[in-house]
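Chain by chain, the residues run as shown.
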Amino acid sequence: MARILLTGGAGFIGSHTAVALLARGHEVALLDNFSNASRSVPPRLKEITRVDCPVHEVDIRDTEAVRQIFAAAAFEAVIHFAALKAVGESEANPLLYFDVNVAGTLSLLTAMRHAGIGRIVFSSSATVYGAPEHCPIAEIAPLHATNIYGRTKLIMEDMIGDLVRTGILSTAFLLRYFNPVGAHPSGLIGEAPCGVPTNLMPYLCQVAARQRDCLTIFGNDYPTPDGTGIRDYLHVMDLAEAHCAAVEVALGTHGTHAVNLGTGTGHSVMELLHAFENTTGIEIPYKIGARRPGDAPSCYADPALAKTMLGWTAKRTLVDMCRDSWRWQFLSAKVK
Ligand code: NAD
Ligand code: UDP
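Let me begin by describing the structure that accompanies this report.

Scoring rules and cut-offs
Residues numbered from 1 in each chain as written. Chains lettered and ligands numbered in written order. Predicted model: local features only at pLDDT ≥ 70, side-chain atom pairs only at ≥ 80, totals over all residues. Heavy atoms only, no water. Near = heavy atom within 4 Å. Polar contact = N/O pair within 3.5 Å; in protein donor to acceptor, adjacent residues only side chain to side chain. Areas by Shrake-Rupley, 256 points an atom, 1.4 Å probe, with all protein chains shown as cover. Helix = DSSP H or I, 4+ residues; strand = E, 2+ residues; numbered from the N terminus. Nonpolar A, V, L, I, M, F, W, Y, C, P; charged D, E, K, R; others polar. Pairing = 2+ DSSP bridges. Axes fitted to C-alpha atoms, helices over the stretch in contact; angles between N-to-C directions. Contact = heavy atoms within 4.5 Å. Buried < 20%, exposed > 50% of the residue type's maximum accessible area, 1.4 Å probe, protein only. Core = buried A, V, L, I, M, F, W, Y, C linked by side-chain atoms within 4.5 Å. Salt bridge = Lys/Arg side-chain N within 4 Å of Asp/Glu carboxyl O. Phe/Tyr/Trp six-rings, centres within 6.5 Å; stacked < 30°, edge-to-face > 60°. Lys NZ or Arg CZ within 6 Å of the ring centre and 35° of its normal. Parallel < 35°, antiparallel > 145°, perpendicular 65-115°, else oblique. Left-handed = near helix turned anticlockwise from the far one by under 90°. Disulfide = S-S within 2.5 Å.

## Considerations on the site of ligand 2
Moving on, step 1. Within the structure, ligand 2 sits among 14 residues, and Leu200, Thr216, Phe218, Arg292 and Asp295 are positioned closest to it.
Moving on, step 2. Thr216 is positioned such that a nitrogen or oxygen atom in its backbone is 2.8 Å from a nitrogen atom of ligand 2.
Moving on, step 3. Notes on ligand 2: free accessible area 510 Å², of which the protein chains cover 86%.
Moving on, step 4. No other element matches the 4 residues that strand S8 (residues 215-218) contributes to the shell around ligand 2.
Moving on, step 5. By residue class, the composition of the shell around ligand 2 is 6 nonpolar, 5 polar and 3 charged.

## Overview of the sheet that holds strand S5 (residues 119-125)
Moving on, step 1. Judged by pairing direction, the sheet is parallel, and its 7 strands sit side by side in the order S3-S2-S1-S4-S5-S6-S11 without closing on themselves. Where the open sheet ends on each side, the last strands, each with one partner, are strand S3 (55-57) and strand S11 (255-261). The average undirected angle you get between the axes of adjacent strands in this sheet is 20°.
Moving on, step 2. Against the sheet, helix H1 (residues 12-23) touches strand S1 (3-7), strand S2 (27-32), strand S4 (77-80) and strand S6 (171-177), its axis set at about 170° to S1.

## Quick notes on the site of ligand 1
Moving on, step 1. Every one of the 27 residues lining ligand 1 counts as a neighbour, but Ile13, Asp32, Asn36, Lys85 and Tyr149 are closest to it.
Moving on, step 2. Within the contact set of ligand 1, an oxygen atom lies 2.8 Å away from a backbone nitrogen or oxygen of Phe81.
Moving on, step 3. Here ligand 1 has 820 Å² of accessible area as a free molecule, and 95% of this is covered by the chains.
Moving on, step 4. Listed by contribution, the elements that provide at least two residues to the shell around ligand 1 are H1, S5 and helix H6 (148-165).
Moving on, step 5. In terms of residue count, the dominant contributor to the shell around ligand 1 is S5 (3 residues).
Moving on, step 6. Taken together, the residues that form the shell around ligand 1 break down as 14 nonpolar, 8 polar and 5 charged.

## Brief notes about the environment of Gln211
Moving on, step 1. Within the secondary structure, Gln211 is located in the loop between helix H7 (200-208) and S8.
Moving on, step 2. Residue Gln211 is classed as partly exposed on the basis of its relative accessible area, which comes to 40%.
Moving on, step 3. Along the sequence, Gln211 and Arg24 sit 187 residues apart, while their C-alpha atoms lie 37 Å from each other.

## A closer look at the nonpolar core
Moving on, step 1. Counting residues in each nonpolar core, the largest one holds 42 residues, and the members touching the most others are Leu6, Leu21, Ile79, Phe173, Leu175, Leu261 and Leu310.
Moving on, step 2. Of all the elements, helix H8 (residues 236-250) adds the most residues to this core, at 10 residues.
Moving on, step 3. Leaving out residues up to four positions away in the same chain, Leu261 has contacts with Leu175, Arg176, Tyr177, Phe178, Leu234, Leu239, Ala242, Ala306, Leu310 and Trp312.

## Focus on the pattern of salt bridges
It is possible for side chains of opposite charge to pair when their charged atoms get near one another.
Moving on, step 1. Counted under the stated rule, the structure contains 19 salt bridges.
Moving on, step 2. In this structure, Arg323 and Asp320 form a salt bridge, with 3.2 Å as the shortest nitrogen-oxygen distance. Of this pair, Arg323 and Asp320 both sit in helix H11 (residues 318-335), separated by 3 residues, roughly a single helical turn.
Moving on, step 3. Of the residues examined, Arg323 reaches a relative accessible area of 34% and is grouped as partly exposed.
Moving on, step 4. Across the pair Arg327 and Asp324 runs a salt bridge, and its minimum N-O distance is 2.7 Å. Within this pair, Arg327 and its partner Asp324 are both found in helix H11, separated by 3 residues, close to a single helical turn.
Moving on, step 5. The class of Arg327 is partly exposed, set by a relative accessible area of 27%.
Moving on, step 6. Shared partners join several salt bridges into a network, and the residues in it are Asp238, Glu241, Lys315 and Arg316.

## Re the packing of aromatic side chains
Moving on, step 1. Using the criterion set out here, one finds 4 aromatic pairs in the structure.
Moving on, step 2. Seen in terms of ring centroids, Phe70 and Phe75 are 6.0 Å apart; in terms of plane orientation they differ by 70°. Their pairing is edge-to-face. For the pair shown, Phe70 and Phe75 are each scored as buried.
Moving on, step 3. Aromatic rings pair up to connect Phe276, Trp326 and Phe330 into one cluster.
Moving on, step 4. Here the basic side chain of Arg291 rests over the ring of Tyr222, its NZ or CZ set 4.1 Å away from the ring centre.

## Regarding the packing of helix H5 (residues 94-115) against H6
How two helices pack is summed up by the angle between their axes together with the distance between the axes.
Moving on, step 1. Where H5 contacts H6, the two axes come as close as 10 Å, and the packing angle between them is 15°. Relative to H6, the element H5 is oriented roughly parallel. Considering how the two elements wind past one another, H5 and H6 form a crossing that is right-handed. In this structure, H5 uses Pro94, Tyr97, Phe98, Asn101, Val102, Thr105, Leu106 and Leu109 to contact H6, whose residues at the interface are Ile148, Tyr149, Arg151, Thr152, Ile155, Met156, Met159, Ile160 and Leu163.
Moving on, step 2. Of the residues belonging to the contact of H5 with H6, the class tally is 13 nonpolar, 3 polar and 1 charged.

## Regarding the state of the cysteines
Simply put, the disulfide is a covalent bond whose two ends are the sulfur atoms of two cysteines.
Moving on, step 1. Taken as a whole, this structure holds 0 disulfides when the rule is applied.
Moving on, step 2. Not engaged in a disulfide, the cysteine Cys135 finds its nearest cysteine sulfur in Cys299; these two sulfurs lie 5.7 Å apart.
Moving on, step 3. With relative accessibility at 25%, the residue Cys135 sits in the partly exposed group.
Moving on, step 4. Cysteine Cys322 remains unbridged, with the sulfur of Cys205 as its closest cysteine sulfur at 8.0 Å.

In structure tokens form, the structure reads like this:
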């Protein structure tokens, strides 16, 4: 059992990871400035887990406030989720992304050093592979940023790796997520995008809920079997369990380890749409639109390293992802 601080712990992936860590008997504290999370998340976490974890409403850029949290309780590791993550916004406002993501991480790492916390599990992304030349993508594939968001992930990966190399940190897992979707089966927590969703699954859910007229499929002329883009969709509870494995391995190892987290199977937009319709019984109106600039035709993981290094593989199916995404959408819309 370890005591772990989750930055961005009230967000989509952080909140599900809190549930998984608590289920494995770890002690969890959340740090979040609630810039992209609802204040209803902590009480809902309590409803799911029956545990009242400490919640620190703090900005990671406030080094002194983070230091105080570390001074008040001894943490063995930090899982660092807190970041801004919208590609379009990052191109429109690069300084904001460098500030929150890069300067925020620098501030967190400074506070960790002061407290002598040597282990970090970091939320990276498959976006660090840019437009991949080959699929499945292994961790040794070339790294390339195609937008500011991706650039910040690469910078943060490098910063953390350098701190391990120079002995300031002992262990870092750089977890490169593919496409997290789904929600906790209770329907109490899930992804709550602000404004118009840019990702496929939340958009699909809002069309199913009749909050949007129809889904636009961004291109059906890709070199894929049905012409639509292929991605590696991963259930957020599988992703949460991968964080438990990473933290537990990190407690007994040294060094920096970049690890892909995906299922290893790609599904096209059309396949996801049909899986959603078959699972929920709801017909999804759609139209074919232009390709979205910068989109890769296919992107899916080689998840072999996650299996050997973390003993983790994704267990949940596309049907589980669609069912749980829809349950969350349906229940959260009712609460609103
Ligand atoms: P999210 O926005 O739901 O969670 C991020 C949390 O961080 C939010 O609760 C937000 O309030 C908090 N936060 C933001 N800035 C902060 C700051 N300055 N100080 C304190 N808290 C702050 O996003 P998510 O989907 O849960 O993503 C978590 C991490 O995973 C991010 O680093 C993201 O880049 C990465 N990631 C996400 C995806 C995805 O598809 N969701 C894919 C790859 C990587
Ligand atoms: N997509 C789509 N319509 C949408 C949103 C996404 O056709 O409204 C497609 C997109 O072109 C890609 C796939 O769905 O092929 C997954 O997109 P998402 O933004 O969810 O993930 P990412 O492309 O960032 O991996």
